[in-house]
Amino acid sequence: MALMINNECIACDACAEECPNGAIEEGDPIYSIDPDICTECVGSYDEPSCLSVCPVDAIMPDPDNIENMEELKYKFEMLQKGE
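Residues numbered from 1 in each chain as written. Predicted model: local features only at pLDDT ≥ 70, side-chain atom pairs only at ≥ 80, totals over all residues. Heavy atoms only, no water.

Visitor: Hey, could you run me through unusual backbone geometry in this one?
Guide: Leaving glycine out, the prevailing phi sign among residues is negative, and the prevailing peptide bond configuration is trans. Residue D28 is joined to P29 through a cis peptide bond whose omega torsion reads 10 degrees. Inspection of the secondary structure assignment puts P29 in the loop between β2 (24–25) and β3 (32–33). The phi torsion at D13 lies on the positive side, around 80 degrees, for a residue other than glycine. (Helix = DSSP H or I, 4+ residues; strand = E, 2+ residues; numbered from the N terminus.)

Visitor: So what exactly am I meant to see when it comes to the environment of C15 here?
Guide: Inspection of the secondary structure assignment puts C15 in helix α1 (residues 14–18). When its relative accessible area of 8% is taken as the criterion, C15 is described as buried. For the pair formed by C15 and M69, sequence separation is 54 residues and the distance between their alpha carbons is 22 Å. Those residues within four positions of C15 in sequence are excluded, and the remaining contacts are I5, I24, Y31, C50, V53 and I59. (Buried < 20%, exposed > 50% of the residue type's maximum accessible area, 1.4 Å probe, protein only. Contact = heavy atoms within 4.5 Å.)

Visitor: What's the story with the pattern of salt bridges in this structure? I'm lost.
Guide: Any two side chains of opposite charge can pair, on the condition that their charged atoms come close. One pass over the full model with this rule turns up one salt bridge. For E67, the salt bridge goes to K75, with nearest N and O atoms at 3.0 Å. Looking at K75, the relative accessible area reads 11%, which means it is buried. (Salt bridge = Lys/Arg side-chain N within 4 Å of Asp/Glu carboxyl O.)

Visitor: Looking at this structure, how should I read the nonpolar core?
Guide: The nonpolar side chains of soluble globular proteins are, as a tendency, buried together. I5, C15, I24, I33 and I59 are the most contacted members of the largest nonpolar core, which totals 16 residues. Once you skip the residues sitting within four places of it in the chain, I5 turns out to touch C15, I24, I30, Y31, S32, I33, A58 and I59. (Core = buried A, V, L, I, M, F, W, Y, C linked by side-chain atoms within 4.5 Å.)

Visitor: In this structure, what is going on with helix α3 (residues 69–81)? I would like to understand it.
Guide: Compared with an ideal rise of 1.5 Å per residue, which puts 13 residues at 18 Å, α3 spans 19 Å between its outermost C-alpha atoms and is within 8% of the ideal. Regarding α3, the residues found buried are L72, K75, F76 and M78. The buried residues of α3 occupy an angular sector of 165 degrees when the element is viewed end-on, so they sit on one face. Facing away from the buried side of α3 by over 90 degrees, the exposed positions are E70, Y74, Q80 and K81. Between the side-chain oxygen at the start of α3 and the backbone nitrogen of E70 there is a gap of 3.0 Å, and the oxygen is on N68. Two residues or fewer after α3 comes G82, characterised by a positive phi angle close to 85 degrees. (Expected span 1.5 Å × (residues − 1). Arc of directions from axis to C-beta. Polar contact = N/O pair within 3.5 Å; in protein donor to acceptor, adjacent residues only side chain to side chain.)

So this is what it looks like as structure tokens:
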């Protein structure tokens, strides 16, 4: 499933710099993750890189965007092709 950023976000920008897909964008007042681009770092890293750098643990699974590993891999492949 895609990840989401909750209201604990302090807009530190750490997560946006780590995202290999560019799925994290600055918002007002908190950052947001585009579920169409978030692959939970499947295809890039062993685990979501944003989770490890968030100083306030504001990133969590998005219950509205549930995807299994194969769907995340497919999304990653399509993003690589530019589709």
